[in-house]
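The lines below spell out each chain.
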Amino acid sequence: MAALRGAGVDFEPAQSPTGDVDACAIDAPVRLAAVAADKRRVEIRAKPLLSCAFALQFSDFVNNLLKPLAVGATNASLVAIETGSGYECRGRNHDPQAKLSAHAKGLALDVGGLVFSDGRKIRVDAQPDPQSTAYVKALRTAACGWFTTVLGPGSDPFHATHLHFDIERHGSNGSYRICQ
Ligand SMILES: [Zn+2]
(Lines give C-alpha, C1' and ligand atoms only; values in the text may rest on other atoms or scores of the structure.)
Protein backbone atom coordinates (compact mmCIF):
# COMPACT_ATOMS: atom_id res chain seq x y z
CA MET A 1 0.00 0.00 0.00
CA ALA A 2 2.95 2.31 0.58
CA ALA A 3 3.99 1.63 -3.02
CA LEU A 4 0.47 2.45 -4.23
CA ARG A 5 0.50 5.72 -2.30
CA GLY A 6 3.98 6.50 -3.62
CA ALA A 7 2.72 6.01 -7.18
CA GLY A 8 -0.02 8.60 -6.58
CA VAL A 9 -2.80 6.05 -6.89
CA ASP A 10 -6.20 7.00 -5.44
CA PHE A 11 -7.51 4.02 -3.46
CA GLU A 12 -9.06 3.04 -0.15
CA PRO A 13 -8.08 0.06 1.98
CA ALA A 14 -11.02 -2.38 2.12
CA GLN A 15 -12.21 -5.31 4.17
CA SER A 16 -11.43 -8.80 2.88
CA PRO A 17 -14.74 -10.21 1.66
CA THR A 18 -16.21 -13.31 3.21
CA GLY A 19 -17.25 -15.56 0.33
CA ASP A 20 -19.35 -18.70 0.21
CA VAL A 21 -16.13 -20.58 -0.43
CA ASP A 22 -13.35 -20.39 2.17
CA ALA A 23 -10.70 -20.03 -0.51
CA CYS A 24 -12.29 -16.79 -1.76
CA ALA A 25 -10.19 -14.13 -0.05
CA ILE A 26 -8.06 -11.13 -0.94
CA ASP A 27 -4.57 -10.49 0.35
CA ALA A 28 -4.41 -6.75 1.30
CA PRO A 29 -7.70 -5.66 -0.33
CA VAL A 30 -8.18 -2.17 -1.77
CA ARG A 31 -10.80 -0.29 -3.77
CA LEU A 32 -9.12 1.35 -6.75
CA ALA A 33 -10.68 4.77 -7.53
CA ALA A 34 -8.18 6.34 -9.92
CA VAL A 35 -4.69 5.94 -11.28
CA ALA A 36 -2.60 9.04 -10.58
CA ALA A 37 -4.28 11.58 -8.31
CA ASP A 38 -2.98 14.63 -10.16
CA LYS A 39 -4.25 16.21 -13.38
CA ARG A 40 -3.27 13.08 -15.30
CA ARG A 41 -5.86 11.20 -13.28
CA VAL A 42 -7.59 8.22 -14.92
CA GLU A 43 -10.84 7.33 -13.17
CA ILE A 44 -11.70 3.70 -12.51
CA ARG A 45 -15.43 4.30 -12.25
CA ALA A 46 -16.56 0.98 -10.79
CA LYS A 47 -14.02 1.27 -7.90
CA PRO A 48 -13.19 -2.45 -8.19
CA LEU A 49 -12.17 -4.52 -5.17
CA LEU A 50 -8.67 -5.86 -5.80
CA SER A 51 -5.60 -7.17 -4.07
CA CYS A 52 -3.04 -4.46 -3.42
CA ALA A 53 -0.57 -6.32 -5.66
CA PHE A 54 -2.97 -6.33 -8.59
CA ALA A 55 -3.88 -2.65 -8.10
CA LEU A 56 -0.18 -1.76 -8.22
CA GLN A 57 0.44 -3.76 -11.38
CA PHE A 58 -2.68 -2.39 -13.09
CA SER A 59 -1.74 1.19 -12.18
CA ASP A 60 1.72 0.67 -13.64
CA PHE A 61 0.14 -0.68 -16.84
CA VAL A 62 -2.14 2.36 -17.11
CA ASN A 63 0.60 4.89 -16.36
CA ASN A 64 3.31 3.39 -18.52
CA LEU A 65 1.36 1.90 -21.39
CA LEU A 66 -2.30 2.98 -21.72
CA LYS A 67 -1.66 6.69 -21.17
CA PRO A 68 1.33 7.22 -23.50
CA LEU A 69 -0.17 4.88 -26.12
CA ALA A 70 -3.41 6.89 -26.06
CA VAL A 71 -1.56 10.08 -26.92
CA GLY A 72 0.21 8.41 -29.83
CA ALA A 73 -2.68 6.34 -31.16
CA THR A 74 -5.72 8.56 -30.59
CA ASN A 75 -4.43 12.16 -30.16
CA ALA A 76 -6.40 12.38 -26.90
CA SER A 77 -5.78 11.69 -23.22
CA LEU A 78 -7.20 8.68 -21.45
CA VAL A 79 -9.51 9.93 -18.68
CA ALA A 80 -11.46 6.89 -17.48
CA ILE A 81 -11.55 3.11 -17.67
CA GLU A 82 -14.76 1.08 -17.48
CA THR A 83 -14.21 -2.13 -15.58
CA GLY A 84 -16.00 -4.91 -13.81
CA SER A 85 -16.09 -5.25 -10.04
CA GLY A 86 -12.73 -7.05 -9.74
CA TYR A 87 -13.41 -9.49 -6.90
CA GLU A 88 -16.02 -12.20 -7.49
CA CYS A 89 -16.19 -15.46 -5.52
CA ARG A 90 -16.71 -17.94 -8.36
CA GLY A 91 -15.14 -20.66 -10.48
CA ARG A 92 -13.44 -19.94 -13.79
CA ASN A 93 -15.90 -18.99 -16.55
CA HIS A 94 -18.71 -18.99 -13.93
CA ASP A 95 -18.47 -22.80 -13.65
CA PRO A 96 -18.92 -23.85 -9.97
CA GLN A 97 -17.07 -27.14 -10.66
CA ALA A 98 -14.05 -25.39 -12.16
CA LYS A 99 -10.95 -24.16 -10.32
CA LEU A 100 -11.46 -20.85 -8.55
CA SER A 101 -11.17 -17.84 -10.83
CA ALA A 102 -8.37 -15.31 -10.27
CA HIS A 103 -11.29 -12.94 -9.56
CA ALA A 104 -12.00 -14.94 -6.38
CA LYS A 105 -8.63 -13.76 -4.97
CA GLY A 106 -8.79 -10.17 -6.20
CA LEU A 107 -6.06 -10.93 -8.72
CA ALA A 108 -8.06 -10.06 -11.85
CA LEU A 109 -9.91 -7.21 -13.52
CA ASP A 110 -12.14 -7.06 -16.61
CA VAL A 111 -11.96 -3.96 -18.83
CA GLY A 112 -14.89 -3.17 -21.12
CA GLY A 113 -14.21 0.34 -22.32
CA LEU A 114 -11.89 3.35 -22.37
CA VAL A 115 -12.96 7.00 -22.26
CA PHE A 116 -10.91 9.86 -23.73
CA SER A 117 -10.60 13.60 -23.18
CA ASP A 118 -12.30 14.37 -26.52
CA GLY A 119 -15.41 12.49 -25.35
CA ARG A 120 -14.70 9.42 -27.42
CA LYS A 121 -15.45 6.07 -25.84
CA ILE A 122 -13.79 2.94 -27.15
CA ARG A 123 -15.29 -0.42 -26.27
CA VAL A 124 -12.94 -3.37 -26.42
CA ASP A 125 -15.45 -5.30 -28.56
CA ALA A 126 -16.42 -2.50 -30.98
CA GLN A 127 -14.32 0.47 -32.07
CA PRO A 128 -15.63 3.52 -33.94
CA ASP A 129 -12.55 4.09 -36.16
CA PRO A 130 -9.27 2.46 -37.29
CA GLN A 131 -7.20 4.52 -34.78
CA SER A 132 -9.23 3.06 -31.92
CA THR A 133 -8.92 -0.46 -33.29
CA ALA A 134 -5.14 -0.04 -33.44
CA TYR A 135 -5.13 1.23 -29.85
CA VAL A 136 -7.07 -1.76 -28.49
CA LYS A 137 -4.92 -4.21 -30.47
CA ALA A 138 -1.68 -2.67 -29.24
CA LEU A 139 -2.72 -2.54 -25.58
CA ARG A 140 -3.91 -6.14 -25.70
CA THR A 141 -0.58 -7.34 -27.08
CA ALA A 142 1.47 -5.28 -24.62
CA ALA A 143 -0.68 -6.34 -21.64
CA CYS A 144 1.19 -9.63 -21.46
CA GLY A 145 4.21 -7.70 -20.27
CA TRP A 146 2.26 -6.80 -17.11
CA PHE A 147 -0.15 -9.71 -16.59
CA THR A 148 0.12 -13.51 -16.66
CA THR A 149 -3.28 -13.97 -18.33
CA VAL A 150 -4.82 -11.81 -21.06
CA LEU A 151 -8.10 -12.96 -22.64
CA GLY A 152 -10.63 -11.05 -24.73
CA PRO A 153 -12.95 -11.03 -27.73
CA GLY A 154 -12.10 -14.04 -29.90
CA SER A 155 -10.46 -16.03 -27.06
CA ASP A 156 -13.67 -17.83 -26.04
CA PRO A 157 -17.38 -16.98 -25.58
CA PHE A 158 -16.82 -15.94 -21.93
CA HIS A 159 -14.58 -13.03 -22.94
CA ALA A 160 -16.48 -11.74 -26.00
CA THR A 161 -17.19 -8.30 -24.52
CA HIS A 162 -14.19 -7.46 -22.32
CA LEU A 163 -10.49 -7.92 -21.78
CA HIS A 164 -9.58 -10.04 -18.75
CA PHE A 165 -6.25 -9.30 -17.06
CA ASP A 166 -4.89 -11.30 -14.12
CA ILE A 167 -1.63 -11.90 -12.24
CA GLU A 168 -2.23 -15.46 -11.06
CA ARG A 169 0.87 -17.65 -11.28
CA HIS A 170 0.77 -20.42 -13.86
CA GLY A 171 3.12 -23.41 -13.51
CA SER A 172 5.90 -23.93 -11.01
CA ASN A 173 8.25 -21.06 -11.88
CA GLY A 174 5.56 -18.47 -12.59
CA SER A 175 6.98 -17.48 -15.97
CA TYR A 176 4.24 -19.11 -18.09
CA ARG A 177 1.73 -16.75 -19.66
CA ILE A 178 -1.63 -17.15 -21.34
CA CYS A 179 -1.91 -14.38 -23.95
CA GLN A 180 -4.80 -14.71 -26.35
ZN1 LIG B 1 -12.21 -11.77 -15.86
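For the structure itself, look to the data block above.
This section reports on the structure supplied with the text. (Residues numbered from 1 in each chain as written. Predicted model: local features only at pLDDT ≥ 70, side-chain atom pairs only at ≥ 80, totals over all residues.)

Side note on the overall build of the protein
Counting its regular elements, the protein contains three helices and ten strands. Seen in sequence order, the protein has helices and strands lined up from the N terminus as α-β-β-β-β-α-β-β-β-α-β-β-β. For the protein, the C-alpha radius of gyration of 16 Å lies close to 16 Å, the compact-globule estimate for 180 residues. C-alpha atoms of the protein, sized along the principal axes, occupy 45 × 35 × 30 Å. Across the protein, every contact between residues at least 6 apart in sequence was considered, and the portion connecting residues at least 24 apart equals 58%. (Helix = DSSP H or I, 4+ residues; strand = E, 2+ residues; numbered from the N terminus. Rg over C-alpha atoms; globule rule 2.2 N^0.38 Å. Contact = placed C-beta atoms within 7 Å.)

Thoughts on the nonpolar core
Among the nonpolar cores identified, the biggest contains 42 residues, and Leu4, Val30, Leu50, Phe54, Ala55, Leu109 and Phe165 are the most heavily contacted of them. With nine residues, helix H2 (residues 52-74) is the single largest residue contributor to this core. The contact partners of Leu4, leaving out residues within four places of it in the chain, are Val9, Phe11, Val30, Cys52, Ala55 and Leu56. (Core = buried A, V, L, I, M, F, W, Y, C linked by C-beta atoms within 7 Å. Buried ≥ 20, exposed ≤ 12 C-beta atoms within 10 Å, placed from the backbone.)

Some remarks on the pairing of strand E6 (residues 108-116)
Two elements, strand E5 (residues 78-83) and E6, share five bridges in a ladder whose sense is antiparallel. Looking at the pairing, Ala80 lines up with Val115 of E6. Where E6 and strand E9 (residues 163-166) come together, four bridges link them in antiparallel fashion. In the sheet register, Leu109 faces E9, and the bridge partner there is Phe165. (Pairing = 2+ DSSP bridges.)

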